[in-house]
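# Analysis of the macromolecular model
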Amino acid sequence: MFFRKKKASGELPAAVTIPAHVGIIMDGNGRWAKQRRLPRSAGHRAGAQNFRTITRYASRVGVKYLTVYAFSTENWSRPAEEVNALMGLFKDYLEEALRDFMDENIRVRFIGDVSAFSPELRALIHEVEEASAPKTGMVLNLAMNYGGRDELVRGAKLFAGEVKAGKREPEELTPELLSQYLYTAGQPDPDLIIRPSGEQRLSNFLLWQGAYAELVYFDILWPDFKTGDFDEAIRIYSQRQRRFGGV
Ligand code: FPP
């Protein structure tokens, strides 16, 4: 596992391998705000702005799938004021920024239990998914009310329901088949998972899909994470030897 302190800058050399699927845990908004004596909501606003910049950049460098962790199943336990501020941000960004992504040929999908959100936010989620469905460029998975364990339990229930209905046999279940019951069905597993802010853990993010992902950590808070840092993560990824359990 790598830990990067220095900010990187510069162009990506042609020799690097661009990972097909990148996951990002957008962490450190609260600490960013605290350092500036601002409310935590200001950190999330800066984080949301950066989400926009990095998403656009990932699409431009040729990433095919980008999954960002915007709100976990555990984040509801934060103070109501912070949760409300985040919901407001999601609404604003779904209305504005995601239209920009559509100009960039980005298809937006949501992973997580969106039924927990307000009817207004759910309508917006539906609208964005529908409107961007014909897009052929990068797929942006927004993980909202997402938790890896929750996703696995949901998938297991879906499979069990089909067994009960006589559509499947329990013996049919394989890792490949179970993947088809997850939110990311049909998508490749993440190759690279980036976590800024200095924490080195997955925090319930893409637990199943990330089995062989390369993990790259940065000691930079998410609002300060620049496109040069994204380049650096790709450079580090390119130098890793992936063996997938082999030799
Ligand atoms: C973790 O930082 C960040 C979150 C819980 C929210 C992330 C959300 C955004 C960046 C907004 C994205 C917007 C859209 C539309 C996808 P933290 O608050 O845990 O930071 P801390 O560890 O420093 O307190």
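What comes next is a walk through the structure. (Residues numbered from 1 in each chain as written. Predicted model: local features only at pLDDT ≥ 70, side-chain atom pairs only at ≥ 80, totals over all residues. Heavy atoms only, no water.)

## Notes on the site of the ligand
- Surrounding the ligand, one finds 18 residues, the nearest of these being Met 26, Gly 30, Arg 31, Arg 40 and Arg 78.
- At a separation of 3.3 Å, an oxygen atom of the ligand approaches a polar backbone atom of Gly 28.
- For the ligand, whose unbound accessible area comes to 630 Å², protein coverage reaches 92%.
- Here the ligand is seated within the largest pocket.
- Sort the elements by how many residues they give to the shell around the ligand and helix α2 (residues 40-61) lands first, with five residues.
- Tallied by class, residues from the shell around the ligand come to eight nonpolar, six polar and four charged. (Near = heavy atom within 4 Å. Polar contact = N/O pair within 3.5 Å; in protein donor to acceptor, adjacent residues only side chain to side chain. Areas by Shrake-Rupley, 256 points an atom, 1.4 Å probe, with all protein chains shown as cover. 1 Å grid on protein atoms, 1.4 Å probe; cavity = no way out; pocket = protein on both sides within 12 Å on 5 of 7 lines; lining within 4 Å. Sits in = over half its atoms within 2 Å of the grid points. Helix = DSSP H or I, 4+ residues; strand = E, 2+ residues; numbered from the N terminus. Nonpolar A, V, L, I, M, F, W, Y, C, P; charged D, E, K, R; others polar.)

## Things to note about the packing of α2 against helix α8 (residues 227-239)
- The geometry of α2 relative to α8 is characterised by a closest axis approach of 10 Å and an angle of 45° between their N-to-C directions. With respect to α8, the element α2 is oriented oblique. In this structure, α2 meets α8 at a crossing whose hand is right-handed. Residue-level inspection shows Thr 53, Ile 54, Tyr 57, Ala 58 and Val 61 of α2 in contact with α8, the latter providing Thr 227, Phe 230, Asp 231 and Ile 234.
- When the residues that make up the contact of α2 with α8 are grouped by side-chain class, the tally is six nonpolar, two polar and one charged. (Axes fitted to C-alpha atoms, helices over the stretch in contact; angles between N-to-C directions. Parallel < 35°, antiparallel > 145°, perpendicular 65-115°, else oblique. Left-handed = near helix turned anticlockwise from the far one by under 90°. Contact = heavy atoms within 4.5 Å.)

Just distances and angles here, no functional claims.
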